[in-house]
Amino acid sequence: MIKKIMTLGLLLASQAALADVAVIVNSANASTVDDGTIKKLFLGKSKSFADGSSATPVNQDGNAVFDEFNDKVIGKSSSQLNAHWSKLVFTGKGTPPKKLDNDQAVIDFVSSNADAIGYIDASKVTDAVKVIGKY
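Parameters at a glance
- Residues numbered from 1 in each chain as written.
- Predicted model: local features only at pLDDT ≥ 70, side-chain atom pairs only at ≥ 80, totals over all residues.
- Heavy atoms only, no water.
- Axes fitted to C-alpha atoms, helices over the stretch in contact; angles between N-to-C directions.
- Helix = DSSP H or I, 4+ residues; strand = E, 2+ residues; numbered from the N terminus.
- Parallel < 35°, antiparallel > 145°, perpendicular 65-115°, else oblique.
- Contact = heavy atoms within 4.5 Å.
- Buried < 20%, exposed > 50% of the residue type's maximum accessible area, 1.4 Å probe, protein only.
- Pairing = 2+ DSSP bridges.

Under an unreviewed UniProt entry, the name given to the protein is Phosphate ABC transporter substrate-binding protein, and the source organism is Pseudoalteromonas maricaloris.

Enquirer: Whenever I open this one, the packing of helix 2 (residues 35-42) against helix 3 (residues 64-74) confuses me. Can you help?
Expert: At their nearest, the axes of helix 2 and helix 3 sit 10 Å apart, and the two run at 130° to each other. The angle between helix 2 and helix 3 falls in the class oblique. Between helix 2, through Ile38, Lys39 and Phe42, and helix 3, the contact on the second element is made entirely by Phe69, Val73 and Ile74.

Enquirer: What am I meant to see in the pairing of strand 2 (residues 56-60) here?
Expert: Remember that side chains alternate between the two faces of the sheet whenever the strand is regular. When you tally the buried positions in strand 2, you get 4 out of 5 residues, the bulk of the element. Looking at chain direction, strand 2 and strand 4 (residues 116-121) are connected through 2 bridges and run parallel. Counterpart to Thr56 in the pairing with strand 4 is Ala116. Pairing geometry for strand 2 and strand 3 (residues 98-100), over 3 bridges, is parallel. When the bridges of strand 3 are listed, Val58 appears paired with Lys98.

Enquirer: What should I look at first to understand the sheet that holds strand 3 in this one?
Expert: Read across the open sheet, the 5 strands follow the order 3-2-4-1-5; overall the sheet is mixed. The outermost strands of the open sheet, each flanked by one partner alone, are strand 3 and strand 5 (129-134). Ignoring which end each strand starts from, the neighbouring axes of this sheet average 35° apart. Contacting strand 1 (21-26), strand 2, strand 4 and strand 5, helix 2 crosses the sheet at an angle of about 100° to strand 4. Where helix 5 (residues 103-112) meets the sheet, its contacts fall on strand 1, strand 2, strand 3, strand 4 and strand 5, and the angle it forms with strand 4 comes to roughly 155°.

Below you can see the structure in the form of structure tokens.
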């Protein structure tokens, strides 16, 4: 019986780790954003959308959505990403995106800032934001 409960727990945990991530922008944002631009924005290699308008990326603070986004979109582990940002900060060439606590905090920030871009669990999307990518 204990084995079955543990197996069920592991299955549920792995399902949570496989949730889709939605990349979101302010609903008034008319910019088209491709995967490469999203990656550049979150790695500090660009500060604007493809149309030249400024962009303010926001991260989540070390939760499962953060890990899923880094894996699926950025293509780096948390430790690789930390090393990337440590180097940029040390050399004065960049500042990592602001970290917010959860999906709702990201939705609130993005919906109230025209230049914001963030990511959330795809099941938490609301009408307050526009989805530009789902991974």
